[in-house]
Amino acid sequence: MKIAVIGGGIVGTCVAHAMLDEGHTVDLIDPEDAARAAVRGNAGWIAHLDIMPLASSKAWAHLPGWLMDPLGPLAIAPAYLPTLLPWLVRFVAASRPSKIASSSKAIWAINAASMGAWERRLSALGLDGELRRRGILCVFSNPSNFQASEAVHARQAALGVSVERLDNAGVRRLEPAFGKEVAGGAFFEAGAHVSDPGTLLGKLRDAARARGARLLSPGAIGIGSGTVHLASGERVAADRIVVSAGAWSKALAKMCGDRVPLDTERGYNITTPRGTLGLTRPIMLEGLGIALSPLDTGDRIGGSVEFAGIDAPPNWARVDAILARTKRVLPDVRIEEGTRWMGFRPSLPDSLPVIGPASGDPRVFYAFGHAHHGLTQAAATAEMVAALVAGRRPSFDPEPYSARRF
Ligand SMILES: Cc1cc2nc3c(=O)[nH]c(=O)nc-3n(C[C@H](O)[C@H](O)[C@H](O)COP(=O)(O)OP(=O)(O)OC[C@H]3O[C@@H](n4cnc5c(N)ncnc54)[C@H](O)[C@@H]3O)c2cc1C
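From a predicted model like this one, the values you see are computed outputs, not experimental measurements.

Definitions and cut-offs
- Residues numbered from 1 in each chain as written.
- Predicted model: local features only at pLDDT ≥ 70, side-chain atom pairs only at ≥ 80, totals over all residues.
- Heavy atoms only, no water.
- Helix = DSSP H or I, 4+ residues; strand = E, 2+ residues; numbered from the N terminus.
- Rg over C-alpha atoms; globule rule 2.2 N^0.38 Å.
- Buried < 20%, exposed > 50% of the residue type's maximum accessible area, 1.4 Å probe, protein only.
- Contact = heavy atoms within 4.5 Å.
- Areas by Shrake-Rupley, 256 points an atom, 1.4 Å probe, with all protein chains shown as cover.
- Near = heavy atom within 4 Å.
- Polar contact = N/O pair within 3.5 Å; in protein donor to acceptor, adjacent residues only side chain to side chain.
- Nonpolar A, V, L, I, M, F, W, Y, C, P; charged D, E, K, R; others polar.
- 1 Å grid on protein atoms, 1.4 Å probe; cavity = no way out; pocket = protein on both sides within 12 Å on 5 of 7 lines; lining within 4 Å.
- Points joined across faces, edges and corners; volume = space filled by probe spheres on them.
- Phe/Tyr/Trp six-rings, centres within 6.5 Å; stacked < 30°, edge-to-face > 60°.
- Lys NZ or Arg CZ within 6 Å of the ring centre and 35° of its normal.

Participant: Residues and numbers for the overall build of the protein chain, please.
Facilitator: Counting its secondary structure elements, the protein chain contains ten helices and 21 strands. For the protein chain, whose C-alpha radius of gyration is 20 Å, the value lies close to the compact-globule estimate of 22 Å for 406 residues. When each of the 406 residues of the protein chain is scored for burial, the buried share is 57%. Considering only intrachain contacts with a sequence separation of at least 6, the fraction spanning at least 24 residues in the protein chain is 75%. Just so you have it, the protein chain exposes about 16,300 Å², and 55% of that area is on carbon and sulfur atoms.

Participant: Explain the site of the ligand to me, using residue names and the numbers behind them.
Facilitator: Close contacts around the ligand come from 34 residues, with Asp30, Ala38, Ala220, Ala371 and Thr376 the closest. At 3.0 Å from an oxygen atom of the ligand is found a main-chain nitrogen or oxygen belonging to Val11. In this structure, a nitrogen atom belonging to the ligand sits 3.5 Å away from a main-chain N or O atom of Ile29. Taken by itself the ligand offers 1,000 Å² of open surface, and the protein chains cover 96% of this. Among the secondary structure elements, those contributing two or more residues to the shell around the ligand are α1 (10-21), β19 (339-347) and α10 (374-390). In terms of residue count, the dominant contributor to the shell around the ligand is β19 (four residues). Here the residues of the shell around the ligand are counted per class, giving 17 nonpolar, 13 polar and four charged.

Participant: How would you summarise the environment of Ile29 if you had to cite specific residues and measurements?
Facilitator: With respect to the helices and strands, Ile29 occurs in strand β2 (residues 25-29). The class of Ile29 is buried, set by a relative accessible area of 1%. Once the C-alpha coordinates of Ile29 and Leu216 are considered, the two residues, 187 residues apart in sequence, prove to be 4.7 Å apart. Setting aside residues no more than four positions away along its own chain, Ile29 makes contact with Ala4, Val5, Ile6, Gly7, Gly8, Leu216, Pro218, Gly219, Ala220, Val228 and Leu230.

Participant: Summarise empty space enclosed by the protein; cite the residues concerned and give the values.
Facilitator: Following the criterion strictly, the structure yields one cavity of 30 Å³ or more and no others. In this model, the largest cavity occupies a volume close to 40 Å³. In this structure, the largest cavity is lined by Cys14, Ala117, Arg121, Ala379, Ala382 and Glu383. Of all elements in the fold, only α4 (97-124) and α10 reach the threshold of two or more residues within the lining of the largest cavity. Here the element with the most residues in the lining of the largest cavity is α10; it accounts for three residues. Taken together, the residues of the lining of the largest cavity break down into four nonpolar, no polar and two charged.

Participant: Lay out the packing of aromatic side chains in plain terms, naming residues and giving numbers.
Facilitator: For the coordinates displayed, the defined rule picks out seven aromatic pairs. Relative to Phe307, the ring of Trp87 has its centre 5.0 Å away and its plane inclined at 55°; by these criteria the two rings are tilted. Note that Trp87 is positioned in helix α3 (residues 81-93) and Phe307 in strand β18 (residues 298-307), a separation of 220 residues in sequence. With a relative accessible area of 2%, Phe307 lands in the buried category. With a centroid separation of 6.0 Å and 85° between ring planes, the pair formed by Phe396 and Tyr401 is classed as edge-to-face. You can call Phe396 buried: its relative accessible area is 12%. We classify Tyr401 as buried; its relative accessible area is 0%. What links up through ring pairs into an aromatic cluster is the set Trp87, Phe91 and Phe307. One cation-aromatic arrangement involves Arg165 over Phe146; the distance from NZ or CZ to the ring centre is 4.2 Å.

Next comes the structure, spelled out in structure tokens:
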């Protein structure tokens, strides 16, 4: 078949490869006008062991304090509040214990398939060297947060996730850059990260082109009757169309019969010269909402969730706030230079992506809304979409990710 994939971020590019595997011809459509794909500057983690939705008891415990601080780990721009309200109402509904349980079960289902899917994809393209297997370490500076985390770790362990709880000395044995400010840690040995997520996307796109995919640069402005309408006026005919335009997918989904409550959690970071942090593996600074990533291209310090929509300009003061919080735990780190970045996590209130057929057009399939897990889940999502397009049963139940759940 002829497949048009709208959006060439990490999800769309993996979908393109999965379609090429099936013998289809592929048009990968992405305007790339501002190198917008969220993966370009993200933390680079394959965070498949992370199973909790944003609407978890952990987030609610921190929420009041965070919301008091406009530069804190989670903030809502006052001017954006009216627009965000319907999303927030669903977010509150997604915080019921029964919903948290069903969302985390569905997160776990796709995450459990994620590492294997990445291994297959990278190995088939000769890109295995892009994966780093040094585990992921969560570090707690607050003793009561560390104690409270025991329940989540027990839940992960019950699912078969190997997690080692560490005292201060245990954390410092793994990462000597930390000092006495640390209360404890949790080491996820099976966690992984990539060399550099932007570099990986470039290599995957080049490989798709080399495998015969056409990369079309005008953006899509419409979908209808098996045709994608491009901003250039060109029309691309396709037997199947996949919408994978990240945070920009909402309007496209509406054209295909689905009103999805997609919004964006904007995230910020700064990339400093390699070795600045003196770390050997990805670190989550728990309670501070900060991820530290020693990538091949530099040490990335980032995180934060800001609800302010797609169009508002970045608030770079958030990066200064991230650095100030990082210094509480790594007081000796000196940061003299770095490149600041802001990206758009495509987020649904229940922290699950939208994957599956469109309600109004059987030729259209969705693959968007992966929020904090888009890099992690991209290869598994692509395998699922390829199976659904082929009419095969995917390796795990697609129902929880359906656009019809809203
Ligand atoms: C600070 C930060 C750190 C993160 N860290 C991690 C991490 O460590 N691990 C992890 O798994 N995830 C992480 N994420 C989340 C992850 O980056 C996203 O979930 C993921 O990149 C989403 O991929 P996507 O392909 O769906 O969307 P995107 O990467 O946003 O790509 C969408 C693409 O669609 C294109 N597009 C938009 N409109 C159109 C149109 N009309 N026509 C055609 N194309 C269009 C855009 O140009 C873009 O290239 C992080 C995100 C942020 C912001």
